[in-house]
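For reference, the chains in residue letters:
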Number of protein chains: 2
Amino acid sequence: MQVINTIDELRKQIKEWKKAGLTVGLCPTMGYLHEGHASLMDAARSGNDKVVASVFVNPIQFGPNEDLATYPRDFEHDCQLLEAHGVDLVFHPEPSEMYAPDFTTFVDMNELSETLCGKTRPIHFRGVCTVIAKLLNTVTPDRIYFGQKDAQQLAIIRRMVRDLNFDVEVIGCPIVREQDGLAKSSRNTYLSPEERKAALVLSRSVRKGQDLVASGVRNSAELLASMKERLAEEPLADVEYVEVVDGESMQPVETFKDGDLVAMAVRIGTTRLIDNFTVGDPAISFDA
Amino acid sequence: MQVINTIDELRKQIKEWKKAGLTVGLCPTMGYLHEGHASLMDAARSGNDKVVASVFVNPIQFGPNEDLATYPRDFEHDCQLLEAHGVDLVFHPEPSEMYAPDFTTFVDMNELSETLCGKTRPIHFRGVCTVIAKLLNTVTPDRIYFGQKDAQQLAIIRRMVRDLNFDVEVIGCPIVREQDGLAKSSRNTYLSPEERKAALVLSRSVRKGQDLVASGVRNSAELLASMKERLAEEPLADVEYVEVVDGESMQPVETFKDGDLVAMAVRIGTTRLIDNFTVGDPAISFDA
């Protein structure tokens, strides 16, 4: 497995592969990898001749009061996981390689990035779109892989790819969960043992929502009231939002249909966690 | 010469060329072509195996009170000129082909797009960056050509290409002028005979500025005072700005050096014209 730190070297390797007619799958990550990331690598491995993973904690997608400085990092462990999952090349640049001191260009979108997480993280998706545009222009992959856990991010990237005519297929991969239901996240490492238990309220609320959908509920207010009730049972949980939005536009809907998104952000102590389900997808199951 | 109206067809042709190892030069235009555009085609013709020109009056770079509806169009004449200059493919999409009704993604930059023309045209460069990003992603050219007349646009595109890692060489081509000095522009067609004469005050002011630089002036205030004095001699001229800015950052400078930009926008009647020179470039000459 190659480890490359510069855009020039990366581009050179990609061009060799393209010249040989090989397809390339790209899995962008911020590192501190878990089985959720591994599922992206596996999907990319089975769908492409070459698999590139990026490990880059992207500074421009963090707000001034967010966890950029403390975001967990373990590049050695990341490399072990990536190699075990058949990744051919890891791109691991320094922030200075990605952003010149006078960096001034951003990819941004309105509407989709203003609801849900965008309300409390106003510059987040601008940072995500910008770094993904840079990676797309450098790697020119045939396919790019994202987890459904960051459902709004996935919808935004799909829109960006469509609007700016990036020639790439965007593939969303299902949320990977711990046995007890908690969605895998690098940020789970922030949780104390007590908070780790409390964090189960997210997946339980998701499951509650899925049960209601299965029982025929299609009214957002009714669904959200029950899910919020479930969340309120956990004293350590501080709900940022629970919403039902159109699966493409990310705008709130009064009644929902298959493909729409039910998403939440909840603070457990100081740790902000997200979870979601898409209406019509199979119900999650867990031991609890 | 091929004329293509859709992104899919364009991409298909480009892929065939790339597969055959051919290089591609792209000249983006808004049509109503003149010798200035032709010089871009000639440069692209001599530097690439295949030359693509786009003819597209890009709605998102016009403000609500600007001349989108009246912008001059003559596609038949454009095709004659393009064919005569050896263009292989003209991309001529409808606005609906470029912008879905729920188009939401924009490429934008601060600083460079906020000075000069950006002061009175706040969304203009966002529209330019966005359409050029779309064309770059569709045509994936080896080289892209712009005129120096739109000097701020050229600096902004250079910055966008650097910041977002587009794999393309940006080539700026010198301003082409009428015999009497007026910089060629599709908007010159708006001028009445009397205004056409008055419009010469721009190139004369440019020449005045170049003479002062040649005489050793390096102080922006001194240079601008003389150039404004020259512009004030023309009663039909309404000066929007004359400024000296850093050639890369587009920020005003107190003293200037080679590579810095002296740029102006002046209204002659209702027609807004621009002109400029780069410090260190050869002085312009004209019959007058």
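Along each chain, residues carry numbers from 1 onward, in the same order as the chain's sequence is written. Starting at A for chains and at 1 for ligands, labels are handed out in the order in which the entities are written. Selection of residues for local features in this predicted model requires a pLDDT of at least 70, selection of side-chain atom pairs for listing and counting requires 80 or more, and totals for whole chains, interfaces and linings are taken over all residues. Here the side-chain values reflect all heavy atoms present in the structure, with hydrogen atoms and water set aside.

- Where an unreviewed UniProt entry is consulted, chain A appears under the name Pantothenate synthetase, with the organism given as Mogibacterium kristiansenii.
- UniProt positions are given in the numbering used here, feature names are shortened, and annotations may be inferred rather than shown by experiment. Looking at chain A in UniProt, the text filed under Catalytic activity (unreviewed entry) is "(R)-pantoate + beta-alanine + ATP = (R)-pantothenate + AMP + diphosphate + H(+)".
- The annotation that UniProt attaches to chain A under Pathway (unreviewed entry) is "Cofactor biosynthesis; (R)-pantothenate biosynthesis; (R)-pantothenate from (R)-pantoate and beta-alanine: step 1/1."

Here's the deal with the state of the cysteines
For step 1, the next point in the chain: In plain terms, two cysteine sulfur atoms within 2.5 Å form what is called a disulfide here. One pass over the full model with this rule turns up zero disulfides over all chains.
For step 2, the next point in the chain: Left unpaired, Cys27 of chain A is separated from the closest cysteine sulfur, that of Cys173 of chain A, by 7.5 Å.
For step 3, the next point in the chain: Working definition: with a 1.4 Å probe on protein chains only, accessible area under 20% of the residue-type maximum means buried, over 50% means exposed, and in between means partly exposed. Accessibility expressed as a relative area gives 0% for Cys27 of chain A, which makes it buried.
For step 4, the next point in the chain: Cysteine Cys79 of chain B shares no disulfide, and the gap to the nearest cysteine sulfur, in Cys27 of chain B, comes to 14 Å.

Points about empty space enclosed by the protein
The gaps of empty space that remain are located by a probe, the size of a water molecule, rolled over the atoms.
All names here are of chain A.
For step 1, the next point in the chain: Cavities and pockets are found on a 1 Å grid laid over the protein atoms alone: a cavity is a set of points where a 1.4 Å probe fits but cannot escape, a pocket is an open set with protein on both sides within 12 Å along at least five of seven lines, and a lining residue has an atom within 4 Å of such a point. Grid points are joined across faces, edges and corners, and a volume is the space filled by probe spheres set on the points. With the rule as written, the count across this model stands at three cavities of 30 Å³ or more.
For step 2, the next point in the chain: For the largest cavity, the calculated volume is near 790 Å³.
For step 3, the next point in the chain: What lines the largest cavity is a set of 49 residues, and nearest its centre among them are Met30, His37, Lys149, Asp150 and Gln153.
For step 4, the next point in the chain: Helix and strand labels come from DSSP, where a helix needs a run of H or I of at least four residues and a strand needs a run of E of at least two; each type is numbered from the N terminus. Going through the elements one at a time, strand S2 (24-29), helix H2 (35-47), helix H6 (124-139), strand S6 (143-147), helix H7 (151-163), strand S9 (261-268) and strand S10 (271-278) are the ones with two or more residues in the lining of the largest cavity.
For step 5, the next point in the chain: Per element, the largest residue contribution to the lining of the largest cavity is six residues, and it comes from H6.
For step 6, the next point in the chain: Think of it as three bins: nonpolar holds Ala, Val, Leu, Ile, Met, Phe, Trp, Tyr, Cys and Pro, charged holds Asp, Glu, Lys and Arg, and polar takes everything else, Gly as well. The residue makeup of the lining of the largest cavity, split by class, is 26 nonpolar, 16 polar and seven charged.
For step 7, the next point in the chain: All the domain ranges listed were derived from an automatic or database domain assignment. Two domains each provide a minimum of three residues to the lining of the largest cavity, namely domain 1 (2-173) and domain 2 (186-278).
For step 8, the next point in the chain: Taken as a whole, the second largest cavity encloses approximately 50 Å³ of empty space.

Digging into the layout of surface pockets
For step 1, the next point in the chain: Considered as a void within the structure, the largest pocket measures approximately 1500 Å³ in volume.
For step 2, the next point in the chain: For the largest pocket, the lining is made up of 35 residues, of which Lys15, Lys18 and Thr140 of chain A together with Lys18 and Thr140 of chain B are closest to its centre.
For step 3, the next point in the chain: Every element with two or more residues in the lining of the largest pocket is listed here: helix H1 (7-19) and H6 of chain A together with helix H1 (7-19) and helix H6 (124-139) of chain B.
For step 4, the next point in the chain: Split by residue class, the lining of the largest pocket holds twelve nonpolar, eleven polar and twelve charged.

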